[in-house]
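Examination of the molecular architecture
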Amino acid sequence: MLEQRKVTEAIIRQTIENINPHNLQSNIYRLAIISGGQPFMDGALKGRSGCYEVSALTLSDQEIRARKEVGAIFQENGIPKKDIYEHPMAVFGMLRSKNPGAPTLVIGSHTDTVQKGGAFDGRAGISMMLEMLRVLKEQGIELNINILFTAFSGEESAAFGTAFLGSRALVGEITDDILDQGPPGGKTFRQVLKERGIKPDDLKTPFLTETNFGSIIGFVEGHIEQADGMRIDGVSLQVNEAIAGANRQKVVLETNLTQKKDFKNVGFLKVTAQGRANHSGSTMMNNPDRKDGLVIMSYLLENLEPLQKILTEQGLNVKLTASSIKIDGQAMSKIPGRTEIILGVDGDDPDQVEHALKQLDQLVKEQNERLQGINHKEGIFLVAESLQDQVSVPIYESTGILSAYSDVSKIIRKVKQTFFGLAKENAVGTVTTFDIKDGKTILQIDMRGVSEKRDEGVEEVIEEIEKISAQSKIESKIDQVPGSSNPVVLDHEFADQFIEVAKQYGLGQAKRSYSPAGHDAGVIAASKNITNSRKPIPTALFFIPSEGGSHNPSEYTSPEDMKIGCQALTAFVMETSSKY
Ligand SMILES: [Zn+2]
């Protein structure tokens, strides 16, 4: 090892030149493999290799193994065991300065992934901090500050329905509401914690505090971007000045739907809306990639009740009916992709049923033409196919389900229209999930933005839902989903410093922007529980490019792109150190 050296610009240059892209890549592989990840090959990758499919949901064996591995890598790089801290939702490694009373800079990212996610979301940030640790040790750099390396769990909402569980726990913001959340039919966060031998109430006490770690000067998170934009624009580093907040509302309509049991002569039609799943936060309202299956379906839904009226006026003794809407792999943070519904016609006379089915089919075609007219470039459409046999899904009684779908289509369109109007404000709004449970119709709406305009949009949507339910004399309950978050402004000086570092050390093109998706950095930046003065700590969040977007196995960041991110991070840390 070299002699311990003071930090100068020349030393920073020399240090960041020694950042090794192979190590950045092998950290990714090591974590993917320990989490049971499988190499992912797909035609869409166009021969590119290096992708893994990883399912490391929060507190799963796969996720916990990854966290333990990060702890092991801390030790391999010279952090003594006494400076490795295990928290139920995170692992920490403290690189101590020899400077007595040195303040601490916290750096972190997350180990958990969504179900069938990739190897880079969260873990690219971890890989960069691990390579920074290695190079600082190898080059014998003596910093004037401590660095607290952190690997969080629970960033994704995929496991329990609430995001940022690790960072929330570290700042003492876990509530009973959050503990009692879980996937439909699955275990709650509280239950899984208990099974892991963790006392759920322990997570209500802040851990990342000045009381535990001494004076804290800030937090830095590096992450992949959520959509493949930077690579296309030739940007190597995106420095975020704000993080959008997610306001999530659950709408329960007391529709009292009952299942239709007796059919006379019934025919069914399956209609599929060809939407495309995507991140509901980072896919802007005017982005041509926003192909929302539920919005497409709403064109049909709004016309079912009127069609029934027409059929009755024609003297046909038939009843239209329908199943629940099924969204493929629906999730709170996902734009509905492929969305399906089964429509039925029942009546005494088979000829009349046949005639009505034809009109239903015609209605689908008409709506399809309407959609093509509006979105001709987007290639979104409805497909109808007649079903010969009885269907296996519940079909609901006519009057209830038709009027429920009238209301639902109005809500879907109101959300879209309101947030489309706020596109310039970078606000987005999506009805992301649909369920019928105990006769009730349940929607969840994900609304995000960086300004207070988002809240005006939320209010407008809520008012409209109340109006719609009053008009149809159906009671509605609208509740904010636990874990909603406010927009967060990040630290200007940290952002400036990242931009300067990129310029000074020739790290490609850096741009300022904001993060449409939430991150742990947002929880940390907003918390008043960390410092003794109860002032929030300065926080930075930077992105590196991601080919293939995120939340899917084709996400990919090249070793060279990770190297630039790691160089920026390392130079930022060394420059910060020299101020103390
Ligand atoms: Zn992430």
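Since this is a predicted model, take the numbers as computed values, not measurements.

Now for the packing of aromatic side chains. Each aromatic ring pair is specified by the distance between its two centres and by the angle formed by the two planes. In the structure shown here, the tally under the stated rule is 14 aromatic pairs. Ring centres 5.6 Å apart and planes at 75° place the aromatic pair Phe 120 and Tyr 556 in the edge-to-face group. Of this pair, Phe 120 sits in the loop between strand S5 (104–110) and helix H4 (123–138) while Tyr 556 is found in the loop between strand S23 (539–544) and helix H17 (559–577), placing the two residues 436 residues apart along the sequence. The exposure class of Phe 120 is buried, given its relative accessible area of 2%. Overall, Tyr 556 belongs to the buried group, its relative accessible area being 13%. Ring plane angle 80° and centroid distance 5.6 Å describe the contact between Phe 207 and Phe 213, whose orientation is recorded as edge-to-face. Of note, Arg 413 hangs over the ring of Tyr 299, and the distance from its end group to the ring centre comes to 4.1 Å.

To continue, consider the domain arrangement of the protein chain. Partitioning the protein chain into structural domains gives domain 1 (9–37 + 55–244 + 487–577) and domain 2 (248–480). Each of domain 1 and domain 2 has a C-alpha centre, and the two are 39 Å apart. Across the interface of domain 1 and domain 2, roughly 930 Å² is buried in total on both sides, 60% from carbon and sulfur atoms. Ranking the residues of domain 1 by area buried against domain 2 places Pro 487, Tyr 514 and Pro 516 at the top, with a combined share of 49%. Remark: the boundary between domain 1 and domain 2 carries 0 salt bridges.

Here we take up the sheet that holds strand S18 (residues 428–437). Taken in spatial order, the 4 strands line up as S18-S19-S9-S20 in an open sheet, and their pairing is antiparallel. Looking at which strands have only one partner, the edges of the open sheet turn out to be S18 and strand S20 (476–480). Across the sheet, the mean angle separating the axes of adjacent strands is 20° when strand polarity is ignored. Across 9 bridges, the pairing between S18 and strand S19 (residues 440–449) is antiparallel. If you follow Thr 433 over to S19, its bridge partner there is Gln 444.

Between side chains of opposite charge, a pair can form when the charged atoms approach closely. Tallied over the full model, the rule gives 35 salt bridges. A salt bridge links Arg 190 to Asp 180; the nearest nitrogen and oxygen atoms lie 2.9 Å apart. Highlighted residues: Arg 190 in helix H7 (residues 189–195) and Asp 180 in the loop between helix H6 (176–179) and H7, separated in sequence by 10 residues. According to the relative accessible area criterion, Arg 190 is buried, its value standing at 19%.

Here we take up the packing of helix H10 (residues 293–301) against helix H13 (residues 398–420). Where H10 meets H13, the axes come as close as 9 Å, and the angle between the chain directions of the two elements is 135°. With respect to H13, the element H10 is oriented oblique. For the pair H10 and H13, the crossing hand works out as left-handed. Residue-level inspection shows Leu 294, Val 295, Ser 298, Tyr 299 and Leu 301 of H10 in contact with H13, the latter providing Tyr 405, Ser 406, Val 408, Ser 409, Ile 412, Arg 413 and Lys 416. Looking at side-chain class alone, the contact of H10 with H13 contains 7 nonpolar, 3 polar and 2 charged residues.

Within the fold, Ile 73 resides in helix H3 (residues 61–76). In sequence terms Ile 73 and Arg 134 are 61 residues apart; their C-alpha atoms lie 9.3 Å from each other. Apart from the residues lying within four places of it in its own chain, the contact partners of Ile 73 are Arg 30 and Leu 130.

So, how was this worked out
Residues numbered from 1 in each chain as written. Predicted model: local features only at pLDDT ≥ 70, side-chain atom pairs only at ≥ 80, totals over all residues. Heavy atoms only, no water. Phe/Tyr/Trp six-rings, centres within 6.5 Å; stacked < 30°, edge-to-face > 60°. Helix = DSSP H or I, 4+ residues; strand = E, 2+ residues; numbered from the N terminus. Buried < 20%, exposed > 50% of the residue type's maximum accessible area, 1.4 Å probe, protein only. Lys NZ or Arg CZ within 6 Å of the ring centre and 35° of its normal. Domains from an automatic or database assignment. Buried area = accessible area lost by both parts, 1.4 Å probe. Salt bridge = Lys/Arg side-chain N within 4 Å of Asp/Glu carboxyl O. Pairing = 2+ DSSP bridges. Axes fitted to C-alpha atoms, helices over the stretch in contact; angles between N-to-C directions. Parallel < 35°, antiparallel > 145°, perpendicular 65-115°, else oblique. Left-handed = near helix turned anticlockwise from the far one by under 90°. Contact = heavy atoms within 4.5 Å. Nonpolar A, V, L, I, M, F, W, Y, C, P; charged D, E, K, R; others polar.

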